Every structure is written in C-alpha cells, then in structure tokens.
Amino acid sequence: MMSSAMKLRAVPAAAGLASRGSRAILQRQATAFKPSIQNQITRSSFKRAYASEASPAPAKKAPKNRFRYVKYAWRGTYTLAIVGTVWLAYSIYETRFPKEQTEPDPTKKTLVILGSGWGSVALLKKLDTENYNVIVISPRNFFLFTPLLPSCPTGTVEHRSIMEPLRHILRHKKASVKFYEAEATKIDNDRRVVIINDNSDVKGEIHQTEVPFDYLVVGVGAENATFGIPGVRENACFLKEINDAHKIRKKVMDCIETAMFKDQTQEEKERLLHMVVVGGGPTGVEFAAELQDFFEDDLKKWVPGITGDFHVTLVEALPNVLPMFSKTLIEYTEQTFKDEKIDVRTKTMVKNVTDKYIEAEVTKPDGTKEKQIIPYGCLVWATGNAVRNVIRDLMGQLPQQKNSRRGLAVNEYLVVDGTEGVWALGDCSATKYAPTAQVASQQGAFLARLFNTMARTQALETELDHLDELSKEAKGEDQEALEKEIQKKSKAISKVKQLSPFEYSHQGSLAYIGMDKAVADITWFNGNLASGGSLTYLFWRSAYLSMCFSTRNRVLVLMDWLKVKVFGRDVSRE
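- Per an unreviewed UniProt entry, the protein chain is named NADH:ubiquinone reductase (non-electrogenic), and its organism is Morchella conica CCBAS932.
- According to UniProt, the comment filed for the protein chain under the heading Sequence similarities (unreviewed entry) is "Belongs to the NADH dehydrogenase family."

Okay, here's the thing in structure tokens:
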C-alpha cells in the first residue's frame, strides 16, 4: 500500500518537474531571442530617426508627364514632315526624269484626240497608250486649271502656276504620243480624217493638212456665248483662256492710271473706275470677289486717289447669283457682296454694249421693265457657252444631229449620234449634265476605261481565235485542255464587255466670294452639306490645291498664295 501511494504522489511530482523544465527551456529561448528583436527594433528606429533628420518628409507622388501628348504630337508631325519631304522629292524627280517610251505600233489602230481641256487630259491621264497609236491635236500646248483662272488677272495666282505643259503629260505615258499644235477646222466623218490648220506665228501662211483616224474623241470645248447682243465681242473682255486674263489685267490697270491722269474730269474718273462683270455664275462671282479684294488689300494702299471712286458691279439676268447653289448660300453670298460694297444687280438683262457703257433692261419687283445706262471702264463677260464652228460643221453633216442645239448629241456611252467610232465629251457635247469641268473630267476617265476595255477585249478575241484553230487540229487530252481554255477566255471576254454606261457623280460646288470667305455645296452621303465662311475658304483652297494636275502646279500655286500674303499683289500694268 505504501509503495502504491508513493507512486501516486510521484506522478504529479514528475509532471510538475516536466512542466518546470519546459518553462525553463522556453525562458532560455525567449532570453536568447529577445536581444535579436530588440536589435531589430533599435535598427528600425534608428533608420526612421536618421531618415527624418537627414531628409524632409516625402512629397506627394508626382503625376505622370502631362506633356507626353505634346511629345507624341511633335514626333508624329516630325515623322509626317520627313515622309512628306521624301514624297515631294520623289514626285519632283519622277516629273523631271521621265522613263523611256516605246514606239508606236503601225499595226494598231489610230486614236485621235481633239483638245487639251479637262475631258481630253483626263482621258490621256488614264489611257493605256500602248494599245493605240495616239495623236493629240490642240491649238494650245498646255492644260489650263480653269477654276483658278479668275485669280490670275489680279495677280493672286500667276498664270504659269495653273498651266501644265501638254508635253509633260504625254512624255510620261508608256508609249509615245504624237502632238500637233494646230486647230481642227473640219471633221470629215465619211473619209475618216480631221483637217487641221497650223496657225503658227513663225510661218507666214496657214498650213493645212489632214490626219486620218480609226477612233476619234472630240473635246474641243466651247467658245464664249454673246447671245447675239451687239457690241459684246468688240468691247467686252472674256475670261476663258490665259490671254483673256492678260487682257483684263492690262485693261484694269489702264483704267486706273488713266483715271489718275492730270486734269481728268470727275465724271470720266468715275466711269473709268467702274468695273462691271456680267454673269452671276461661279466665274463671274469669283472674279468680282478677287477684283474687290485687289482693291481693298492693295490698290487703295498704293493708289489712294481711287479710294472713293473705285467700285465693282455684278450684273445677272436671273433673279439671283450662283443658281446651282442652295438658297441659303445664295443669300449668304449676296449679303457678303453687300458687306464688301459690290453692287449686285439681278434681273438685269444686257441689250447693247458700247465702248463706254452698257444698255440694260431691269425687271422691277412689280414686273415692270426699265431701261438703264451703266457706264464702265472695264467690262468682263462671263456668261455661258456657244458651239464652235468645227462642231457646228460636223452637226450639219449628220442628220441625227438636226435637233441638237447645245452641242453634239451623244448616247449613254458618249458616242456621237449618227457616227461609228466617234466620241464627244466636255462642253462640245450635249448631255443632260451641266457643262462643267467636273463633268468633263469624269467623262474623260470613263472613255479611258472604255478604250482600255476595248483593247483587252480585242486581245482576248485574238487569243480565242487562235485557240479555236488549235482545237480543230488537236485530239484527246490536248483538245479537252484547249476547250477548257476557250471557255475560260469566253468568260473573260463577257466579263470585260460588261461596262456600264456613263453616269455622272456630282461631288459638289465651290465658289470664292471675297474677304477670305467661300461657299461650298458638297454632296455628303445621300444629301448635301452647305457651308460658307472662313473655314469653307480654307477648304476651298485645299480642294483646289489637291485638284491641281501635278505636284509642280501645287507647289507653284502654294508659293503664289504665300507670296501675296507676305508681299501683297503687284500693281504694275503687265
């Protein structure tokens, strides 16, 4: 019993010893671990204290670089400038150094193109001249960018900046193209020849010759319409060619210098300084605006004596100017002209023209008519088109043209009615579209596609005939292969022949109205976008700049605009 009791007391004693031993071990571990914790606390405290004494409290986190967009924009502009410079240099090099051309193939058909206007040049630009022997006949050896022609008489744009030599255009074609600077006087449809006159100043007499053709494209344009009004052709200045711009320039400056001549009467001075523009279309409106800008920006500064007497009048027979524009833009244009002090006289029909005044019939609001005398110093006639003599002669040869009055009647493929292998485009053709540069340019591009298609069709038909002959002699697998090739060529021919008739796509109308303002009526999806003002003026300039024929023209026109902005317009006579 004693031994059992002692055993029972020994167990808790052993347990107590074990627990005391464990506590001793934990205490020794804690004692060994405490210095390291204290050391860490001491080191961290020292670091914080040192940091707080050595440097101020950290500032708020700085925002990201706020100018990074400017940096990216600069890099983009810099890259675009480099790319643009390289492109410009390549364009100039390509223009200056044309490639070698192939010689005409006498076995191919002869395509004769009359004229060097919008339609003819658009045709030449996209025509593959390797398919034909191409001959171009025109009395002028350059293409004229007519939308900027109203800017030439005032010196806003130099005349050579809007002229592209025709030789430059022809020299860049793959196959060589013959050019004759001559006037076509007669088209003999029966004999298939064009009679031309060499009106060169070098030769004392006119040299006449004939040019045969297989295909003929007539793009001679139209002449100025006078509507049979007496005195217009003798006394008015037109605005259709470069020579017209030179003539207007001399006339305007002559009127100014004569008005400032010694002992000039006030009545004669007012007459000389009255510039009258007849025609409220884009050409007339733009020239009137350019002339008023010329006066406001330059003339009255260098010739202050004309300030109170110089004025511009625009005469239009219709109820308003710019009839092809929307009503809102018409009203905006007329209000702008009023602000510019340009006198707009609508419903005013010219009946007679003398060397010093015009006689006009004015329709009043109540319907009554009144005759007016309008004195002028310079008269610019910018009204409509008339048929040229060579076109009138061809119309007389063809019975199918007897009911046509405005020009050569053509079908939906621009083939002249009553002919075969003769096409007409531009102002010399009578279509349902207005005679504008935009229409003529699209017609030229259409005919280029037509002629290229005809050449491909002819080449495929020649190959098809050759395959038919081979198929007749072949047997077995060779014959089957040839028949498959024949089917393939036949499908290709039918696909190539599927050329739709010509359909005009109106891109819009633009006109400059002065005071660095313009109006635009642009086709936008299924509707029209009408705008006017200074931003439209920038669009007008950029649009015309992009429409210029070559890089050379674009650079020259841009330099002219910059020169006028810096130095002003020249007020010399020439």
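Additional details are given in the paragraphs that follow.
## Looking at the side chain of Thr419
Argument step 1. Among the secondary structure elements, Thr419 is positioned in the loop between β20 (408-409) and β21 (422-424).
Argument step 2. In this structure the side chain of Thr419 is engaged in a polar contact, spanning 2.7 Å, whose partner is the backbone oxygen of Val416.
Argument step 3. Only 3.5 Å separates the side chain of Thr419 from the backbone oxygen of Val422, close enough to count as a polar contact.
Argument step 4. If sequence neighbours within four positions are ignored, Thr419 has contacts with Asn189 and Leu398.

## Side note on the sheet that holds strand β16 (residues 357-363)
Argument step 1. Read across the sheet, 3 strands follow the order β15-β16-β17 without closing on themselves; strand pairing throughout is antiparallel. Of all strands in the sheet, those bounded by a partner on one side alone are β15 (348-353) and β17 (369-375). Across this sheet, the average inter-strand angle for adjacent strands is 30 degrees, counted without regard to direction.
Argument step 2. Relative to β17, β16 is paired through 7 bridges, and the arrangement is antiparallel. The partner of Glu359 across the bridge, within β17, is Ile373.

## Concerning the packing of helix α13 (residues 534-547) against helix α14 (residues 551-567)
Argument step 1. Across the interface, α13 lies against α14 with an axial gap of 9 Å and an inter-helix angle of 150 degrees. Compared by their axis directions, α13 and α14 come out roughly antiparallel. The two elements α13 and α14 meet at a crossing, and its hand is right-handed. Judged by residue contacts, Arg541, Leu545 and Ser546 of α13 engage Arg554, Val557, Leu558 and Trp561 from α14.
Argument step 2. Across the contact of α13 with α14, the residue classes break down as 4 nonpolar, 1 polar and 2 charged.

## Here we look at the sheet that holds strand β11 (residues 237-238)
Note: strands within a sheet are paired through backbone hydrogen bonds, in either parallel or antiparallel orientation.
Argument step 1. What the 5 strands build is an open sheet, ordered β11-β18-β12-β13-β14; its pairing is parallel. The sheet terminates laterally at β11 and β14 (343-345), the two strands that pair on one side only.
Argument step 2. As defined by bridge partners, strand β12 (residues 274-278) adjoins strand β18 (residues 378-381) across 4 bridges and the pair is classed as parallel. Following the sheet pairing, Val276 is matched in β18 by Leu379.

## Thoughts on a nonpolar patch on the surface
Argument step 1. On the surface, Trp87, Leu88, Ile92, Val555 and Met559 cluster together into a nonpolar patch covering about 460 Å² of accessible area.
Argument step 2. Elements represented by at least two residues in the nonpolar patch include exactly α2 (68-96) and α14.
Argument step 3. Examining the composition of the nonpolar patch, we find that 3 residues originate from one element, α2, more than from any other.
Argument step 4. Along the chain, the position of Leu88 falls in helix α2.
Argument step 5. What makes Leu88 partly exposed here is its relative accessible area of 31%.

## Examining the pattern of salt bridges
Argument step 1. Here the structure, examined in full by the defined rule, presents 18 salt bridges.
Argument step 2. When the shortest N-O distance is used, the salt bridge between Glu296 and Lys300 registers 2.8 Å. Of this pair, Glu296 and Lys300 both sit in helix α8 (residues 282-302), 4 residues apart, which is roughly one turn of the helix.
Argument step 3. According to the relative accessible area criterion, Glu296 is partly exposed, its value standing at 32%.
Argument step 4. Of the residues examined, Lys300 reaches a relative accessible area of 31% and is grouped as partly exposed.
Argument step 5. In this structure, Glu370 and Lys364 form a salt bridge, with 3.7 Å as the shortest nitrogen-oxygen distance.
Argument step 6. Taking relative accessible area as the criterion, Glu370 reaches 33% and is therefore assigned partly exposed.
Argument step 7. For Lys364, a relative accessible area of 34% translates into the label partly exposed.

## Focus on α14
Every α-helix carries 3.6 residues per turn, so stepping three or four residues along brings you back to the same face.
Argument step 1. Compared with an ideal rise of 1.5 Å per residue, which puts 17 residues at 24 Å, α14 spans 24 Å between its outermost C-alpha atoms and is within 8% of the ideal.
Argument step 2. For α14, the full list of buried residues reads Thr551, Asn553, Val557, Asp560, Trp561 and Val564.
Argument step 3. Immediately beyond the C-terminal end of α14, within one or two residues, lies Gly568, with a positive phi of roughly 80 degrees.

Definitions and cut-offs
Residues numbered from 1 in each chain as written. Predicted model: local features only at pLDDT ≥ 70, side-chain atom pairs only at ≥ 80, totals over all residues. Heavy atoms only, no water. UniProt positions renumbered as here; feature names shortened; annotations may be inferred. Helix = DSSP H or I, 4+ residues; strand = E, 2+ residues; numbered from the N terminus. Polar contact = N/O pair within 3.5 Å; in protein donor to acceptor, adjacent residues only side chain to side chain. Contact = heavy atoms within 4.5 Å. Pairing = 2+ DSSP bridges. Axes fitted to C-alpha atoms, helices over the stretch in contact; angles between N-to-C directions. Parallel < 35°, antiparallel > 145°, perpendicular 65-115°, else oblique. Left-handed = near helix turned anticlockwise from the far one by under 90°. Nonpolar A, V, L, I, M, F, W, Y, C, P; charged D, E, K, R; others polar. Patch = residues over 30% accessible without salt bridge, like charges linked within 9 Å, V, L, I, M, F, W, Y side chains within 5 Å. Areas by Shrake-Rupley, 256 points an atom, 1.4 Å probe, with all protein chains shown as cover. Salt bridge = Lys/Arg side-chain N within 4 Å of Asp/Glu carboxyl O. Buried < 20%, exposed > 50% of the residue type's maximum accessible area, 1.4 Å probe, protein only. Expected span 1.5 Å × (residues − 1).

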